[in-house]
Amino acid sequence: MNTFLFLPLLLWLPLLASCFDTKVYIVYLRHNDDDGEKTLHEIEENHLSYLFTVKKYEDEVRSCLLYSYKHSMNGFAALLTIEEASQLSDMKEVVKVIPSHEMEYSLHTTRSWEFSGLDEDLKPNQLDKNDLLSKSQYGKDVIVGMMDSGVWPESESFNDRGMGPIPVSWKGICQTGPSFKTTNCNRKLIGARYYLKGYEARYGPLNTTKDSRSPRDMDGHGTHTASTVGGRGVPHVSALGRFSAGTAFGGAPQARLSIYKVCWAVPGKGKEDGNTCLFEDMLAAFDDAIKDGVHILSISIGSSTPINYTNDGLALGALQAVKNNILVVCSGGNEGPVVSTVVNTAPWILTVAASSIDRAFVAPVQLGNSIKIKGQSATPYKLPQRKMYKLVYAAEVVNEDVPKTYISGQCLPGSLSPQKAKGKIVFCMRGNGTRVGKGMEVKRAGGIGYILGNSPANGAELTVDAHVLPATAVSSDDAIQILKYINSTKTRTAYIYPGRTVLQTKPAPSMAAFSSRGPSAISPEILKPDIAAPGLNILAAWTEGNSPTKIEGDQRRVKYNILSGTSMACPHVAAAAALLKAIHPDWSSAAVKSALITSAGLLNNEGKQITDASGKQADPFQFGSGHFRPEKAADPGLIYDASYTDYLSFLCSHGDLRSNPTFICPKSTPSTQNLNYPSFSFPKLIGKVSVKRTVTNVGGKGSVYFASVEPPLGVSIKVSPPILKFKSIGEKKSFELRVERQVKGKVEKDMYSFGWLTWSDGVHIVRSPIAVSLI
């Protein structure tokens, strides 16, 4: 009997061994003109034929093919050994074979719309017929695809009351799963899909106690971003503790939403530590979104570091989306304030930075020396008594085995001594670990309250959280003041006031310190990010399958939650784009992008230049062209248009385009600076350079535009011609921008200065940022 069982196992051992040595590769094939006529089954069979040539065992071939791509690219994702990948890469029809990089992509983790000039909460008789929401019919029938962690469909933000039939152009599906039925889709959530093949190939079967094998959101991020784009108006909502109470609504409440769940929890890690969104799964989502008929894709996902476009799955998928006139809006990343950290920098992507709005969650700290420190918090808890409590620095109350380094003051898990911390307010510094995790550690150790001090990098930016105990966050300057007080006396005490929501705070907006900054590490000739939008302390819908802090030990559940990140800024711009698309359905994706970029604003609500989190003047490497202004973007005057072919020309200087044999790069590589982009960047300028741009009149007939220039320091700029006269709408005119170095001698390496080119006809202001560095 034992021999009978053992023999079949021996027969299978070679096949099992081959699976253990594999990992996921993306195989990029040449594009063939007849591919568009083939069915998906025919394409799959073609892709299997490649695998049959390199696989030793026929039985494993079909199980190794994860995805066949038809719309996002011509190619497939498969489990391959290194040797098999090498054999495929040598084939004539194979352009390249790219390994799927582990942890390459992750999610970039309301008053904001009123602050941005859109207020849905007006009575019908108050609406101006020229109001953007009214003109766009609230984004009616524009379809926005959300590539994220799924959706909580029961949220009231996704009700479809009063919405008309689903657009006939829609070709998508409502994919079901153990906790997701077809009835979870409606006339608001018109589509839902999930993508697990790449994830499970890498990590094994999904842990269904942590997540759902369906489009259902068990994280919260996807529900938050989807409701920010297109949530219906829901009155009387707030975050935990009644913070930010009011009516919550998305920027395009009549837009339709389609969900593409591509992000999942990482096994062995808490959800608060982030998640993973795999290359091959995202490409499959792009493939479906293109086929489904979405108009806009909102993607709050990015790599941890910049990736060359020809190896970047998100950039590759986005390029094919743009080929189908789908505008792709992406978050720029949360690695600020370090320079050159911005990601999703491909010029066919609209890259969004994060800023603040005019709302604060005030929770001051009273120190025992009578000094009152400003603080902010969204915790629903307050101290048990109105009295002063013993205040300690975390490094003073750590366990004996914790090294006495700067980390000892950061309240990391397991670091605090219950004997020393019990009943005290503990002061912790930002750095390693999560903000909410530090509060959990203080609570575990028996602390009565918690003060979180910013590091200098975070400056005065205060990110609020639904902490699990009385808590507040303070600026870096105030953190230093608190530390000085702690060191000045043995009888240090403090009291944390309960938080409250305060509106119309000034100055706003300011740039978030966490927002990733330019210049682009991949192509500094393209100024990135493109634009800024609200991303700090944003209220939106939340999953009921996870706590507001995402920490496993937190059993609280909420329907709306406050979150921060460029992830929150991205759907604001996607919603604005949906409104523009509703008004201008014939505009290209580049035209919509241009309208948003050239209409952005540079002033805060004090009438001064936008600042960073430390109060210093911000620059285009932080906010791109400025803070988005949807109302202005609806009538931009001029647009800088670009086509799929223009982007292929741009790519000639970045990689191999053999995948598209119908496009041949010229012998002389085109200058990346001549892409018809609505901003200008001149890295490492030596002498002088001229670039060409073409603008299209979308304002009025008989318009005459005059150029004005604010040159960056150390250069002179001339515009030729300086006047553009248009006889008709849709007419195109070209101009040349000549930039010449004026400074003599050496200059500081990689130091940029900034200026502006503005075209105006007396009605429209069409503004483009200019960045220059000299060598």
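All of the points below concern the structure found in this document.

## What about helix 8 (residues 221–230)?
No. 1: The buried count for helix 8 comes to ten of ten residues, which makes it a mostly enclosed element.
No. 2: Residues of helix 8 that are buried include every one of H221, G222, T223, H224, T225, A226, S227, T228, V229 and G230, and no others.

## Topic: the sheet that holds strand 32 (residues 704–710)
No. 1: In spatial order, the strands read 30-37-36-32-34; together these five strands make up an open sheet with mixed pairing. The strands lining the two open edges of the sheet, one partner per strand, are strand 30 (680–685) and strand 34 (723–725). Direction aside, the axes of adjacent strands within the sheet are offset by 20 degrees on average.
No. 2: Where strand 36 (residues 752–760) lies against strand 37 (residues 765–774), nine bridges are found, and the strand directions are antiparallel. Across the sheet, residue Y752 finds its bridge partner in strand 37, namely S773.

## As for the packing of helix 8 against helix 14 (residues 566–583)
No. 1: Between helix 8 and helix 14, whose axes approach to 8 Å, the crossing angle comes to 30 degrees. The angle between helix 8 and helix 14 places the two elements in the roughly parallel class. The way helix 8 lies across helix 14 gives a crossing that is right-handed. Here helix 8 contributes H221, H224, T225, T228 and V229 to the contact with helix 14, which in turn contributes S567, M568, P571, H572, A574 and A575.
No. 2: Its residues placed into classes, the contact of helix 8 with helix 14 shows five nonpolar, six polar and no charged.

## As for unusual backbone geometry
If a residue is not glycine, its phi is most likely negative; likewise, a peptide bond is most likely trans.
No. 1: In this structure, P509 follows A508 across a cis peptide bond, with omega equal to 0 degrees.
No. 2: When you line up the elements, P509 lands in the loop between strand 25 (500–503) and strand 26 (531–534).
No. 3: Note the cis peptide between S720 and P721, where omega equals -5 degrees.
No. 4: Structurally, P721 can be placed in the loop between strand 33 (715–720) and strand 34.
No. 5: Here the phi dihedral of H236 falls at roughly 60 degrees; this positive angle occurs in a residue that is not glycine.
No. 6: Tracing the chain through its elements places H236 in strand 8 (residues 234–239).
No. 7: Its relative accessible area of 72% is what places H236 among the exposed residues.
No. 8: One non-glycine residue, K684, adopts positive backbone phi at about 55 degrees.

So, how was this worked out
- Residues numbered from 1 in each chain as written.
- Predicted model: local features only at pLDDT ≥ 70, side-chain atom pairs only at ≥ 80, totals over all residues.
- Heavy atoms only, no water.
- Buried < 20%, exposed > 50% of the residue type's maximum accessible area, 1.4 Å probe, protein only.
- Helix = DSSP H or I, 4+ residues; strand = E, 2+ residues; numbered from the N terminus.
- Pairing = 2+ DSSP bridges.
- Axes fitted to C-alpha atoms, helices over the stretch in contact; angles between N-to-C directions.
- Parallel < 35°, antiparallel > 145°, perpendicular 65-115°, else oblique.
- Left-handed = near helix turned anticlockwise from the far one by under 90°.
- Contact = heavy atoms within 4.5 Å.
- Nonpolar A, V, L, I, M, F, W, Y, C, P; charged D, E, K, R; others polar.

Taken by themselves, the reported measurements are silent on function.
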